Amino acid sequence: MPAVSKGDGMRGLAVFISDIRNCKSKEAEIKRINKELANIRSKFKGDKALDGYSKKKYVCKLLFIFLLGHDIDFGHMEAVNLLSSNKYTEKQIGYLFISVLVNSNSELIRLINNAIKNDLSSRNPTFMCLALHCIANVGSREMAEAFAGEIPRILVAGDTMDSVKQSAALCLLRLYKTSPDLVLMGEWTSRVVHLLNDQHMGVVTAAISLITCLSQKNPDEFKTCVSLAVSRLSRIVSSASTDLQDYTYYFVPAPWLSCKLLRLLQCYPPPEDGAVKGRLVECLETILNKAQEPPKSKKVQHSNAKNAILFEAISLIIHYDSEPNLLVRACNQLGQFLQHRETNLRYLALESMCTLASSEFSHEAVKTHIETVINALKTERDVSVRQRAADLLYAMCDRSNAKQIVAEMLSYLETADYSIREEMVLKVAILAEKYAVDYSWYVDTILNLIRIAGDYVSEEVWYRVIQIVINRDDVQGYAAKTVFEALQAPACHENMVKVGGYILGEFGNLIAGDPRSSPLVQFNLLHSKFHLCSVPTRALLLSAYIKFINLFPETKATIQEVLRSDSQIRNSDVELQQRAVEYLKLSSIASTDVLATVLEEMPPFPERESSILAKLKKKKGPGAVSVSELEDGKREGGELNGGGDRGSDTSAIAASNASTPSPSADLLGLRSSAPVGSAAPSAGSLLVDVFSEAGPAALSAGVNDDGFLRDLEPPTETSDSLLVEGPGDSDSAPPSVVSEDPAPPLPEADELLNKFVCKNNGVLFENQLLQIGIKSEYRQNLGRMYLFYGNKTSVQFSGFTTTVSCPGELQSHLNVQTKPVEPLVEGGAQVQQVINIECLNDFVDAPLLNIKFRYGGALQNLTLKLPVTVNKFFQPTEMASHDFFQRWKQLSLPQQEAQKIFKAGHGMDTEVLKAKLLGLGTALLENVDPNPENYVCAGVIQTKAQQVGCLLRLEPNAQAQMYRLTLRSSKDTVSSVCSELLADQF
């Protein structure tokens, strides 16, 4: 940059700043500022034309006043005029003023753009850099439209100076982040990639930031950057600190560039070229070797730079997960950091080892550090480090060390920080179930968990232990005995009472033979806790009492006396009163046979994946990757239709011990609703919905006759019609709600939709302001979706409304109902919306989700496609080989088949393919196709109107990197739609 001459000192500005600093009060400061503003305004409006120096001085004063927090409503034109000056200092102040004060919607943008174009075409490197900095600082869509085609040309031009190339690369990166649809590299791609070979290290550093961002969006277009990045990294790693004198930081050559190169390589799989891969492995080994060398400086900057490169290299090794030697070496290196005196290093080591623990190559190496990690859990002073230690214990757990780890985590729970107790409880519950050698140990562990941290044991945990006890005859007696002993403690947590009431009500007869646990003793023990419990728990205990009458007729008189007492039949809570009255009447008039039928033992629950894992994932928040998801990352959607959600969380535990509803019940509350003011649920309708994430609040929320939460039901008068309702449709919408028409769908809406074809959970959309997370579950022709709207800013969103619409024919094919969201979303907060879906007939298009809100007074209006596709309503169908091909031949009409032959868009990994086919919702049939390389699937799409059978055959050709996908179904439209959806997944 040119040096500022002495004449550019602007004495008047220095005097003004001095006056402001010398003001004794706020009033004096405002008075001085108002006086100066009046003077500047008069100068700008005066007849005498101002020279460049005066304009610069006054614009500088306005800028200073603005930075003090005062509004500036004039002077913009003078700042624009400064852009045409040939003096650097005047042009610089003009650009600075525009970057700070000019709004992207200003009428002056066209003039500013013209001035910027002149500077970009001037070939003066100083002026070009100022113009590029201004474009990057403003970063508006208008500027992207004006300059997105010009900047790449400047970037790759042979005669462009290095400083301008750096500015151009970073400017283009800024525009790409704000308006990716306008920055089209196209013909410039290969020339931008070759900037990695530039002689100037600053150009390479700037270019790699741009290439990394572009690679994440379009990896195939920029895959040639891998070999160049490896080559550049190799030169840096093998160089001495004296070779790159200008870019050596405390004896570490180019640490920032090294980190950026390693991060770029993490966007791609391991190089297929053996020479490139060998060179990269050599680089990584060199980095690991240098970490073992004695430090060349005692300065903290030296160790920070060295460790930054090391951790990025370890991240790349973990990402590739294909070099056992490197993985084990990385693990050993991280193990040395576990006892380092620097807290940040210990934290990063624990975090990286969590990921290493999920690799088959390094899992055993991670386990060797178990004692160190347990010690960190007990002795670390920083709670965040203790939390990472708990995460690592969870990740390294397997059958060989499960009992030790669970015991240590239980021991730590007694003194754990309150902020991490709930997560610790969930992890202990998951590990105890996943690695239970015998279920008596599992029961002991969960009851101990409730005893130690009962306040943090969620509903899912005790629901799950009851499911397991009911499903396993061999543990029922032991569970009854153990819970009976646990209830004898003077101070007993309410969750223990819930588990005790349920298990003794079902299996108390298994321990009734012992005089110490006779029926009457069991009843008196439970009833002694009754008055200390909340209303939902009392309701559960009343259900246990009526079960006792069936199991132990000798307790009938005692229990009827309790039910008959005024405290029960005249209870102020209508739920308890109704139960007491109905149970008393049932026990009085029903015969023994009727009583035995009504109160029979709960049938086994279908074997499903635990819902506790989903609870742990939710605790981490949408979009965040928790330790509990490490295994999921390995199989990428390998569960049916996006995890066990299709069936895992659907198991309902009875608050009473009533029987389950029939399969034809309205499971999502789409077709029925309780009348307003209806009575509390009766004895036969006490099921709690753990299908939903709202499970913990279920008992207090109340349930309807089908056993689902009332607040998820549509209003009675619209329950049978198409419900496409949002807060904006309501007559009582707040005044701040805007009435503008919904925006058209975003250009990337189809791409975002495709990401959810084979999964149900994840981040649907994210920009600088808003993050939208999604979790959904489907059963037969019904679905329920949770949308999580997160405000990423510190400023409140006002007038927040969402509307779901079904365009065109979709209205007659899908029945959609939304719950309204809160109109105000505080900064950093998150709101949840529930959407219920009923599939009436097969469909092609997806519903549209429109979100409107005001941020800083400006209206934000965006429309996305809701990820509801026809395959979400698949029910998997198991078939033998003979049945499959017999049915395949029956579906032989031309219109019943859809076939696509296409190039593989991703790696042809067997496990990933299986995971995606399972995520589609169909059953993956093993040993059916004569060619073991092929995949065949079967499923039935459930709609209200009909059931559509569908058979699928996927034939990969690894040599040609091609697929042939064939679908046959009993309805031609289903075949074509499913083939289009699935072809984009491979």
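None of the values given here were measured: they were computed from a predicted structure.

Criteria and cut-off values
- For every chain, the first residue of the written sequence is number 1, and numbering continues from 1 onward in sequence order.
- At least 70 in pLDDT is required for a residue's local features to be given in this predicted model, at least 80 for side-chain atom pairs to be given and counted, and no such filter applies to totals for whole chains, interfaces and linings, which use all residues.
- For side-chain calculations, the full set of non-hydrogen atoms in the structure is used, while hydrogens and water are omitted.
- Put simply, DSSP marks the helices as runs of H or I at least four residues long and the strands as runs of E at least two long, and each gets a number from the N terminus on.
- Partly exposed residues are those whose accessible area sits between 20% and 50% of the maximum for their type, while under 20% is buried and over 50% is exposed, using a 1.4 Å probe and protein chains only.
- Contact definition: two residues touch when any of their heavy atoms are within 4.5 Å.
- Any two strands with at least two DSSP bridges between them are considered paired.
- What counts as an axis is a line fitted to C-alpha atoms, over the stretch in contact for a helix, and the angles between N-to-C directions run from 0 to 180 degrees.
- Exposure above 30% relative accessible area and the absence of a salt bridge qualify a residue for a patch, where like charges join within 9 Å and nonpolar side chains (Val, Leu, Ile, Met, Phe, Trp, Tyr) within 5 Å.
- For accessible areas, the Shrake-Rupley method is used with a probe of radius 1.4 Å. Any residue's cover is judged against the shown protein chains and nothing else.
- Between Lys or Arg on one side and Asp or Glu on the other, a salt bridge is scored when a side-chain nitrogen of the former is within 4 Å of a carboxyl oxygen of the latter.
- Charge assignment: positive for Lys and Arg, negative for Asp and Glu; neither His nor the chain ends contribute.
- Throughout, a charge is located at the NZ atom of Lys, the CZ atom of Arg, the CG atom of Asp or the CD atom of Glu.

So, on to the overall build of the protein chain. Scanning the protein chain for helices and strands turns up 40 helices and 16 strands. Buried residues in the protein chain amount to 53% of all 986 residues. In the protein chain, once contacts between residues fewer than 6 apart in sequence are set aside, the share between residues at least 24 apart is 70%.

Moving on to the sheet that holds strand β3 (residues 761-766). Within the open sheet, the 5 strands sit side by side as β3-β4-β5-β8-β7. Their pairing is antiparallel. Two strands lie at the open edges of the sheet, namely β3 and β7 (814-818), each paired on one side alone. On average, adjacent strands in this sheet sit at an angle of 25 degrees to one another, irrespective of strand direction. Bridging between strand β4 (residues 770-779) and strand β5 (residues 782-791) involves 10 bridges; their strand directions are antiparallel. When the sheet's bridge partners are listed, isoleucine 772 is paired in β5 with tyrosine 789.

What follows covers a negative patch on the surface. Negative charge collects at one region of the surface, where Asp438, Asp444, Asp473, Asp474, Glu600 and Glu601 lie side by side. In this structure, aspartate 474 sits in helix α26 (residues 473-487).

So, about the sheet that holds strand β9 (residues 848-855). Through backbone hydrogen bonds, the strands of a sheet pair up, either in parallel or in antiparallel fashion. With respect to topology, 3 strands assemble into an open sheet ordered β6-β9-β10, the strand pairing being antiparallel. In this open sheet, the two edge strands, each paired with only one partner strand, are β6 (797-805) and β10 (858-865). Across this sheet, the average inter-strand angle for adjacent strands is 15 degrees, counted without regard to direction.

What follows concerns unusual backbone geometry. Even without being glycine, asparagine 927 reaches a positive phi, approximately 55 degrees. Within the element layout of this structure, asparagine 927 appears in the loop between β13 (923-925) and β14 (935-942). Residue asparagine 927 is classed as exposed on the basis of its relative accessible area of 77%. One non-glycine residue, glutamine 961, lies in the positive phi region at around 55 degrees. Positionally, glutamine 961 belongs in the loop between β15 (947-957) and β16 (962-969).

This part takes up the pairing of β3. Taken together, the 5 bridges between β3 and β4 define a ladder with antiparallel strand orientation. Within the sheet, the bridge partner assigned to asparagine 761 lies in β4 and is lysine 775. Between β3 and β4, which pair antiparallel in sequence order, lie 3 residues.

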